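Inside the fold
Chain by chain, the residues run as shown.
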Amino acid sequence: MNTPRCHARVIAGLVGCTALVLAVTTTGAAQAHGRDAARQTLASRDGWASATTGTTGGAAATHDRVYTVTTWAEFKAALAVSGTAPRIIKVEGTLDADGADCSEFAVPGYDFDQYLADYDPAVWGYEEDLEGEKATAGTQEYLRNQSAAAQAKAIKAAVPANTTIIGAGRGAGIVGGSLQINGVDNVIVRGLTLESPLDCFPQWDPTDGDTGNWNSEYDAAVVYNATHVWLDHNTFTDGDHPDSTLPSYYGRVFQQHDGELDVVRGADYVTASWNVFEDHDKTFMIGNSDSAGATDEGKLRVTLHHNLFRNLVERAPRVRFGQVDAYNNSYVAGADHSYSFGIGFKSQLFAEKNSFTLPKGVGASTVLHRWNDSPLTAQGNVVNGRQTDLIGAYNAANPTTPLASGAGWKPVLRTQVDPAKAVSRVVGRGAGADRLR
Ligand code: CA
Ligand code: CA
């Protein structure tokens, strides 16, 4: 029941939910559409997505542009309806984006056993050829690529401007799909469980690392060169297919996952609130290349608040370029924890009043990882319930590659900020797809 209308009740204690509804209405969040979550807009000052024109998604859709979908085909049809007038798509139940199994996408002649035989390192080796050509080449690689294109076409869904996509009822979500919020403005995604796509056709790259790697495409959601995007109360998960269930070939994990969420290539004004990101390796990337300054410099402004990051390996998120405000997020690390915040090229992370729960034997120095020496601000954070200087902890463990303090900016687009020690409880009971209603 921790809707945005009510969650402050948890913090304020004495303030009733009814009073909050009135307060929020007067500040413009729910507007004239009452309690219908599909008609909600992002509240004023709620993170970077509230900047400039704000984020209204499809809230103002006329009745003929409100669609309820129960299959992936219906969902894609609703997205494809022409025009950029506001639209609302209500997702009922689980949409299966990737069909029964991978054979649906394989083109004639593609044979995985033959692929494995052709590119076995004992046969193919690990080096690039003399021309520096593509790492793998030949018939099976060509057919793999064709098959991958068929899968991409099936599982990618392009989200148009001025759209709200919202789960209708418990258990609403998408399995194996990839939401492409690409080159558009004003999108809201709420109340969906998004189970990571499985790439049916990972590519073997013998030149990746010393002993090669299997690389995959497809994030559950991508914000690419898009603006004013509010991702709220979603659950991003590997579901029934965690990496631990994946096979190995050539001694390397047959990695079929990419990220849970990417915000890249000039994307700007994004707020991610009350989501769960769980059970994944490389989870959340803001900026995907150090050489993307032409599109990313001055952009990639993202606010993360009241998200639960649970049982992840790394990138929660990894940041390049952006002024990223991360406050009041709860991190619950598992045995595979590597790091949480990746400090990347020209990143400007402001991390305040987050809560980290680390397992025994894992130190506070692992919260941060330095990819580049970009200064950040980290203050008021707690690790296992104790106030902790994250930069100090990192620097004590990494004296030759220290991180500097001072992100160089101060977030102002915030609504309710909770005490750090309340965060794990407040987020634990408020975050995720099924907590929207
Ligand atoms: Ca399926
Ligand atoms: Ca990706």
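Summarised in this report is the structure supplied together with it. Quick caveat: nothing in here was measured; it's all calculated off a predicted structure.

How each quantity is defined
- Residues numbered from 1 in each chain as written.
- Chains lettered and ligands numbered in written order.
- Predicted model: local features only at pLDDT ≥ 70, side-chain atom pairs only at ≥ 80, totals over all residues.
- Heavy atoms only, no water.
- Salt bridge = Lys/Arg side-chain N within 4 Å of Asp/Glu carboxyl O.
- Helix = DSSP H or I, 4+ residues; strand = E, 2+ residues; numbered from the N terminus.
- Buried < 20%, exposed > 50% of the residue type's maximum accessible area, 1.4 Å probe, protein only.
- Donors = N, O, S within 2.8 Å, 3.2 Å for Na, K, Ca; no water.
- Polar contact = N/O pair within 3.5 Å; in protein donor to acceptor, adjacent residues only side chain to side chain.
- Contact = heavy atoms within 4.5 Å.
- Pairing = 2+ DSSP bridges.
- Axes fitted to C-alpha atoms, helices over the stretch in contact; angles between N-to-C directions.

1. Brief notes about the pattern of salt bridges
Scanning the model with the defined rule gives nine salt bridges in all. Where Glu 278 meets Arg 310, a salt bridge forms, and the shortest distance between an N and an O atom there is 2.6 Å. Residue Glu 278 is located in strand 19 (residues 276–282), and its partner Arg 310 is located in strand 22 (residues 308–314); the two are separated by 32 residues in the primary sequence. We classify Arg 310 as partly exposed; its relative accessible area is 35%. Note that Glu 314 and Arg 315 form a salt bridge whose closest N and O atoms lie 3.8 Å from each other.

2. Remarks on the coordination of the calcium ion (ligand 1)
Around the calcium ion (ligand 1), the protein contributes the donor atoms Asp 96 (OD), Asp 96 (OD), Asp 98 (OD) and Gly 99 (O), at 2.3 to 2.8 Å from the metal centre. Here the donor residues of the calcium ion (ligand 1) are spaced in sequence according to D-x1-D-G. Here Asp 96 falls in the partly exposed class, since its relative accessible area comes to 43%.

3. Structural notes on the side chain of Ser 178
In this fold, Ser 178 is placed in strand 7 (residues 178–182). Looking at Ser 178, its side chain comes within polar contact range of the side chain of Gln 180, at 2.9 Å. What Ser 178 contacts, discounting residues up to four positions off in sequence, is Trp 72, Ile 155, Lys 156, Ala 157, Pro 197, Tyr 218, Asp 219, Ala 220 and Val 222.

4. Concerning the coordination of the calcium ion (ligand 2)
The protein atoms that coordinate the calcium ion (ligand 2) are Asp 219 (OD), Asp 219 (OD), Asp 258 (OD) and Asp 262 (OD), at distances of 2.3 to 2.6 Å. Counting residues between consecutive donors of the calcium ion (ligand 2) along the chain gives the motif D-x38-D-x3-D. Of this pair, Asp 219 sits in the loop between strand 11 (213–215) and strand 12 (221–224) while Asp 258 sits in the loop between strand 16 (252–253) and strand 17 (261–264), and the two are 39 residues apart along the sequence. Residue Asp 219 is classed as buried on the basis of its relative accessible area, which comes to 6%. Look at Asp 258 and you get partly exposed, because its relative accessible area is 28%.

5. Here we look at the sheet that holds strand 4 (residues 156–158)
The strand order 4-7-12-17-20-23-26-29 describes an open sheet built from eight strands, whose pairing is parallel. Each of the sheet's edge strands pairs with one partner strand only, and the pair in question is strand 4 and strand 29 (368–370). For strand 17 and strand 20 (residues 284–286), the ladder comprises three bridges, and the chain directions are parallel. Of the residues in strand 20, the one forming a bridge with Val 263 is Ile 286. Most of the contacts of helix 3 (residues 72–80) go to strand 4, to which it runs at about 30°, and overall it touches strand 4 and strand 7.

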